[in-house]
Amino acid sequence: MILQALYDYYQRKAADPGSGIAPEGFEWKEIPFVIVIDRDGNFITLEDTREGDGKKKRAKAFLVPIAEKRTTGIKANLLWDNIEYAIGANPRNRNDIDTRKHAFLQRVKTTFCHDENTLSIISPLLVFLENDPLDKINAGLPGNAIWKEAYETNANIVFRVEGSADASLCATLKPYLTKTEKIAEDAGVCLISGKDDSIARLHAAIKGVRGAQSSGASLVSFNLSAFESYGKKQNYNAPVSELAAFSYTTAMNLLLGKSSKNKVQVGDASTVFWSERNDAFEEIFPAFFKFPSKDDPDEDVRAVKALYQGVFTGHLNTDSKTRFYVLGLAPNAARISVRFWHTGTIPEFSGKIRQHFDDLEIVRPPKDAGRYSLFWLLSAMANENKVDNVPPNLSGQIFESVITGGQYPATMLQQTIRRIRATQDVTRMQAGILKAYLNRFYRIYSTKEKETITVALDTTNINPGYRLGRLFAVLEKIQEEANPGLNATIRDRFYGAASSTPVTVFSQLLKLKNHHLAKLDNVGRKINFERMLADIFDGIETNMPAHLAMEDQARFAIGYYHQRQALFTKTSSTDESKNQGE
């Protein structure tokens, strides 16, 4: 199913002239240096294709014949390679350097020298390669820093003939490169296409999975006899045709590429996604999970807005039957393991994501930026707000809960409460996380409507944890108004104990309350506070709870947050009406 979907994605991109996807037998390769020769095979110069500064330098991508998969032995790429193969340079003091150089030259001759048209094009390169190319470069670039760097790093290079309109000889000779037919014994039924075709013994390496080998890793691989059946060797155990293998690996490398917009990092899983056909949902999907770029900090806000308004604007076709795919990949030695795989229609995915944001929604303070993406959720749970401090598996579990509509992991609740107790404060995002966890839990496992936590203050909620959180917020507000400019409040000293073992601190806090009320000059304000306290106490049982379970500690935090926002809103409204009256 995964390979079939990737194969179809390649066909979709290949049918689009503007997609830039590599045709069969080719790949896009970032190559930092170009050796320029004249039509007589003389060395002209070495061009540096990289742009940027320092470590951010990035080489230009060239369309080149697909790389050979090197495991053992010597195999040269066609028309491009590292300088050991291409010109016989020996920065690593290898004993087989002449064999490598000869392999590169012979492959060029074998491929192009049988045809007069290609022979005339390739002649300058043959002359250059057969007449001490390394000596010519050293003589033409004595002490050159670019050549020194290319030599020391054994960099990949391509060739270009001076005056040619093409970026490299690879582009010039592309029309003459055809697929080589396999011998009959390699033929079989392809598991992807269902057609009789040449079966690929090895599949191209897949690159871009974080933590995997830089040279790439395999999604399909049989390298030991223990994995083989019926006497079949290597990938003949999972017969995939040469064309299908090229298609799915090229599609995967495109999705995982550095410039890909169809990739997000979820913990240790490099996650790619794509749709069956072009759809706006594919464009906004990553904004729900990644860190917004510096150039577009409101990307996630716009994406969520588009998600909700798509049914009205028509920007998102939420009635579409187009299928959508999400694939999570993680490194596993020389292979790639599938961490998760989800497929469904776009309305199914968009509905689950909307439900996630509905669950998260909670009353916001004024000027709140309204961040939405998964990055900000993880940041709210992380020590020092650094996402790297969140357990890698947690982000993956939350991601799957979002796109499947399943229960959030219990670790999300625990991590958030732990963070709140460390900072002695409850942010909008943290309160939203706790609300989302509890509401989804009871929606899945219970039918009790009364368990649902509302977006804003709920005066009918009689849960002891929620009521005590409200009580704590009112007591803090009384203290703040009694002592203007106070640097630290009861929250800084007592939040942790009040939210976990309320019986140990609330008796002391209630005594302090009387002292603070006595300081208020505004009699009406005193009466209002007394009424608030009476209303809150009315929902608390006679005995103060000795301990609050983890779920009730979450309700304590939400109650505290709700009440604080309600107190601030009422105060702001009162001030505005006074100003208008004056």
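Residues numbered from 1 in each chain as written. Predicted model: local features only at pLDDT ≥ 70, side-chain atom pairs only at ≥ 80, totals over all residues. Heavy atoms only, no water.

Draft legend 1. Here's a closer look at the overall build of the protein. Across its full length, the protein carries 20 helices and 12 strands. Projected onto its principal axes, the C-alpha coordinates of the protein cover approximately 105 × 60 × 45 Å. Counting every position in the protein, which comprises 582 residues, the buried fraction comes to 47%. Considering only contacts in the protein between residues 6 or more positions apart, those separated by 24 or more positions represent 68%. For the protein, the exposed surface amounts to about 28900 Å²; the carbon and sulfur share of it is 49%. A gap of 5 Å separates the mean positions of the 73 positive and 69 negative side-chain charges of the protein. (Helix = DSSP H or I, 4+ residues; strand = E, 2+ residues; numbered from the N terminus. Buried < 20%, exposed > 50% of the residue type's maximum accessible area, 1.4 Å probe, protein only. Contact = heavy atoms within 4.5 Å. Areas by Shrake-Rupley, 256 points an atom, 1.4 Å probe, with all protein chains shown as cover. Lys, Arg positive; Asp, Glu negative; His and termini not counted. Charge placed at Lys NZ, Arg CZ, Asp CG, Glu CD.)

Draft legend 2. Fine view of the environment of Leu512. Inspection of the secondary structure assignment puts Leu512 in helix H18 (residues 506-518). Owing to a relative accessible area of 29%, Leu512 belongs among the partly exposed residues under this scheme. For the pair Leu512 and Ile478, spaced 34 residues apart in sequence, the C-alpha to C-alpha distance is 9.8 Å.

Draft legend 3. The packing of aromatic side chains, seen in detail. Evaluation of the coordinates by the stated rule reveals 29 aromatic pairs. Relative to Phe349, the ring of Phe324 lies with its centre 5.3 Å away and its plane at 65 degrees, an arrangement referred to as edge-to-face. Taken together, the residues Phe324 in strand S11 (residues 323-332) and Phe349 in helix H11 (residues 346-360) connect sequence positions 25 residues apart. An identical accessibility class is assigned to Phe324 and Phe349; each is buried. A centroid spacing of 4.9 Å and a plane angle of 45 degrees characterise the contact between Phe441 and Tyr445, whose relative ring orientation is tilted. Linking Phe441 with Tyr445, this pair stays in helix H15 (residues 428-445), spanning 4 residues, or about one helical turn. On the accessibility criterion, Phe441 (29% relative accessible area) is partly exposed. Taken together through their ring pairs, the aromatic side chains of Phe273, Phe281, Phe285, Phe288, Phe289, Phe324, Phe340, Phe349, Phe357 and Phe399 make up a single cluster. Note that Arg70 overlies the ring of Tyr85, its terminal NZ or CZ placed 4.2 Å from the centroid. (Phe/Tyr/Trp six-rings, centres within 6.5 Å; stacked < 30°, edge-to-face > 60°. Lys NZ or Arg CZ within 6 Å of the ring centre and 35° of its normal.)

Draft legend 4. Just helix H13 (residues 392-404), in detail. Across its 13 residues, H13 extends 19 Å between first and last C-alpha, which sits within 8% of the 18 Å expected from 1.5 Å per residue. Within H13, burial applies to Leu394, Ser395, Gly396, Ile398, Phe399, Ser401, Val402 and Ile403. Just downstream of H13 lies Gly405, where phi reads positive at about 80 degrees. (Expected span 1.5 Å × (residues − 1).)

Draft legend 5. Quick peek at the nonpolar core. Residues Phe281, Phe285, Phe288, Val326, Phe399, Phe472 and Phe506 are the most contacted members of the largest nonpolar core, which totals 82 residues. Among the elements that take part in this core, helix H16 (residues 464-482) stands out by supplying 9 residues, more than any other. For Phe506, the residues in contact, after removing those within four places along its chain, are Leu468, Leu471, Phe472, Leu475, Ala498, Met544 and Phe556. Residues Ala22, Val108, Ile122 and Ile137 belong to the second largest nonpolar core, which totals 46 residues. (Core = buried A, V, L, I, M, F, W, Y, C linked by side-chain atoms within 4.5 Å.)

Draft legend 6. Molecular detail of unusual backbone geometry. Of note, Asn154 is a non-glycine position whose phi angle comes to about 50 degrees, a positive value. In this structure, Asn154 sits in the loop between helix H6 (145-152) and strand S6 (156-161). One non-glycine residue, Gln424, lies in the positive phi region at around 60 degrees. The topology assignment puts Gln424 in the loop between helix H14 (410-423) and H15. On the basis of relative accessibility, which here comes to 15%, the residue Gln424 falls in the buried class.

Draft legend 7. Expanded view of the sheet that holds strand S9 (residues 263-266). Overall, antiparallel pairing links the 4 strands, which are arranged S9-S10-S11-S12 in an open sheet. At either margin of the open sheet sits one strand with a lone partner, and together these are S9 and strand S12 (335-345). On average, adjacent strands in this sheet sit at an angle of 25 degrees to one another, irrespective of strand direction. Bridging between S9 and strand S10 (residues 269-275) involves 4 bridges; their strand directions are antiparallel. Bridge pairing in S10 places Lys263 opposite Val272. Running at roughly 110 degrees to S10, helix H8 (residues 242-256) makes contact with S9, S10 and S11 of the sheet. Along the sheet face, H13 touches S9, S10, S11 and S12 and points at about 20 degrees away from the line of S12. (Pairing = 2+ DSSP bridges. Axes fitted to C-alpha atoms, helices over the stretch in contact; angles between N-to-C directions.)

Draft legend 8. Focus on the pairing of S10. With 7 of its 7 residues buried, S10 lies for the most part within the structure. Of the two faces of S10, both are covered, the one formed by Ala269, Thr271, Phe273 and Ser275 as well as the one formed by Ser270, Val272 and Trp274.

Draft legend 9. Spotlight on the state of the cysteines. Taken as a whole and assessed by the stated rule, the structure comprises 0 disulfides. Cys170 provides the cysteine sulfur closest to Cys113, a residue in no disulfide bond, and the two sulfurs are 16 Å apart. (Disulfide = S-S within 2.5 Å.)

Draft legend 10. Region of the structure containing the environment of Phe62. Topologically, Phe62 is positioned in strand S4 (residues 60-65). Its relative accessible area of 4% is what places Phe62 among the buried residues. In sequence terms Phe62 and Glu27 are 35 residues apart; their C-alpha atoms lie 8.1 Å from each other. Here Phe62 is in contact with Glu27, Trp28, Lys29, Ile31, Val34, Thr49, Val158, Ala167 and Ser168, once residues within four sequence places are set aside.

Draft legend 11. Molecular detail of the sheet that holds S6. Ordered by their spatial adjacency, 4 strands build an open sheet running S3-S2-S6-S5, and the pairing between neighbours is mixed. Sheet topology places strand S3 (43-48) and strand S5 (80-82) at the edges, where each strand pairs with a single neighbour. On average, each strand axis in the sheet is inclined to that of its neighbour by 30 degrees, with strand direction left out of account. Docked against the sheet, H6 engages strand S2 (33-37) and S3, running at close to 75 degrees with respect to S3.

Draft legend 12. Looking closely at the pattern of salt bridges. Summed over all chains, the structure comprises 27 salt bridges. As a salt-bridge pair, Lys109 and Glu130 come within 2.8 Å of each other at their nearest N and O atoms. Here Lys109 is found in helix H3 (residues 97-112), whereas its partner Glu130 is found in the loop between helix H4 (116-129) and helix H5 (133-140), with 21 residues between them in sequence. Lys109 gets classed as partly exposed once you look at its relative accessible area, which sits at 27%. Of the charged contacts in the structure, one is a salt bridge between Glu481 and Lys477, with a shortest N-O distance of 3.8 Å. Highlighted residues: Glu481 and Lys477, both in helix H16, separated by 4 residues, approximately one helical turn. Taking the relative accessible area as the measure of exposure, Lys477 reaches 16% and is therefore buried. A single network of salt bridges, built from pairs that share partners, joins Asp425, Glu476, Glu480, Arg491, Asp492 and Arg564. (Salt bridge = Lys/Arg side-chain N within 4 Å of Asp/Glu carboxyl O.)

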